[in-house]
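A closer look at the structure
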Amino acid sequence: MRVGVMILPERRWRESVLRWRAAERLGFDSAWTYDHLWWRSLRDEPWFSAIPLLAAVAASTERIRFGTMVTSPNFRHPVVLAKDAITLDDISGGRFALGVGAGSTGAGDATVLGGEILSAPDRAARFSEFVALLDTLLEQDVTSYQGRHFSAVEARMIPGCVQSPRLPLAIAATGPRGFDLAARHGDAWVTSGPADFSRSYTPDQFHAAVLAQVDGLQRACARAGRDPASIERILVTTDMTGDVLRSAEHFVTVAERYAKCGITHLVVHWPRENGVFAGDPNVLEDISREALLHVHSL
């Protein structure tokens, strides 16, 4: 199992860079950030744009893999996003992964460009186009496409990705249509537990939901004729996962539990001073020193 850290894009770069470099120094395998214009309960707090932030991360680190978790079609177009992703892949020497999702209505930026909130079926259809077009753009030098939600007219992606055949796509999904997308196009699948963010779940309920989702992904892989082991399975932990960062020892217990149900990459939030994801950042030092080696062996 690999371990990653989610670093929210809320601090000025002179402070933020210290966290990204620390994640690398501490031996974490990956570091991620949200790609929103603002986010939920932090909508009126400082918040920076993910793409230029990650360009600075690419130039300020050497080893750690990094990416968006996740980018959506709420305000991103596949052509521009593919060009940005290829640039990040180049700056980093092939360390960038593009996490993508359908785009929630609760984060706050679903209507910022003036559009209406789409129904669940329409969001799923838009996401299907978004992923398929991204996949094509990242593999081809020139792409033309005309769909219901997106179009591309001789879109050029030269010189292409550093990683071959393209940079990794990590596809967030909690239901059958999303699982099918991940099975067809994904190098990784992403979940943050139950799909309904409007209610609370106990750690056991959270675990049961993830277990059912892993089963759904495996069935989608069977339909697509794909080996499920070829898809990395990423769990982004939340408060409902349980107090994952209570201690290094408890972190190992959580990691072992999710390794048994098929998760291969566990992502924790860098502890904030207060509010959502609040905690003691020193626990990351403890995990680095006392837990990473064991978790990597799972």
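What you see is a predicted model; the values in this text were computed from it and never measured.

Counting its regular elements, the protein contains nine helices and 10 strands. Scaling as 2.2 N^0.38, a compact globule of 298 residues should have a C-alpha radius of gyration of about 19 Å, and the protein matches this with 18 Å. The buried share of the protein, taken over its 298 residues, is 52%. Considering only residue pairs separated by 6 or more positions, the protein has 74% of its internal contacts joining residues 24 or more positions apart. For the protein, the accessible surface area stands at approximately 13200 Å², while carbon and sulfur atoms represent 51% of it. Considering the protein, the positive charge centre built from 31 side chains and the negative charge centre built from 35 side chains are found 2 Å apart.

The next thing to look at is the environment of phenylalanine 75. Note on placement: phenylalanine 75 falls in the loop between strand S3 (65–71) and helix H3 (78–91). A relative accessible area of 14% places phenylalanine 75 in the buried class. Considering only alpha carbons, one finds phenylalanine 75 and aspartate 35, 40 residues apart in sequence, at a separation of 9.9 Å. The residues contacting phenylalanine 75, other than those within four sequence positions of it, are Asp35, His36, Leu37, Asp109 and Leu113.

With an omega dihedral of 15 degrees, the bond running from isoleucine 158 to proline 159 counts as a cis peptide bond. By the element assignment, proline 159 lies in the loop between strand S6 (151–156) and strand S7 (169–172). Residues serine 164 and proline 165 are joined by a peptide bond in cis, for which omega reads 5 degrees. As for its placement among the helices and strands, proline 165 is situated in the loop between S6 and S7. Non-glycine residue arginine 40 carries a positive phi angle of around 40 degrees. Relative to the helices and strands, arginine 40 is located in the loop between strand S2 (30–33) and helix H2 (50–60). Even without glycine at this site, phenylalanine 277 takes up a positive phi of about 60 degrees. Residue placement: phenylalanine 277 occurs in the loop between strand S10 (265–269) and helix H8 (282–290).

Parameters and conventions
Residues numbered from 1 in each chain as written. Predicted model: local features only at pLDDT ≥ 70, side-chain atom pairs only at ≥ 80, totals over all residues. Heavy atoms only, no water. Helix = DSSP H or I, 4+ residues; strand = E, 2+ residues; numbered from the N terminus. Rg over C-alpha atoms; globule rule 2.2 N^0.38 Å. Buried < 20%, exposed > 50% of the residue type's maximum accessible area, 1.4 Å probe, protein only. Contact = heavy atoms within 4.5 Å. Areas by Shrake-Rupley, 256 points an atom, 1.4 Å probe, with all protein chains shown as cover. Lys, Arg positive; Asp, Glu negative; His and termini not counted. Charge placed at Lys NZ, Arg CZ, Asp CG, Glu CD.

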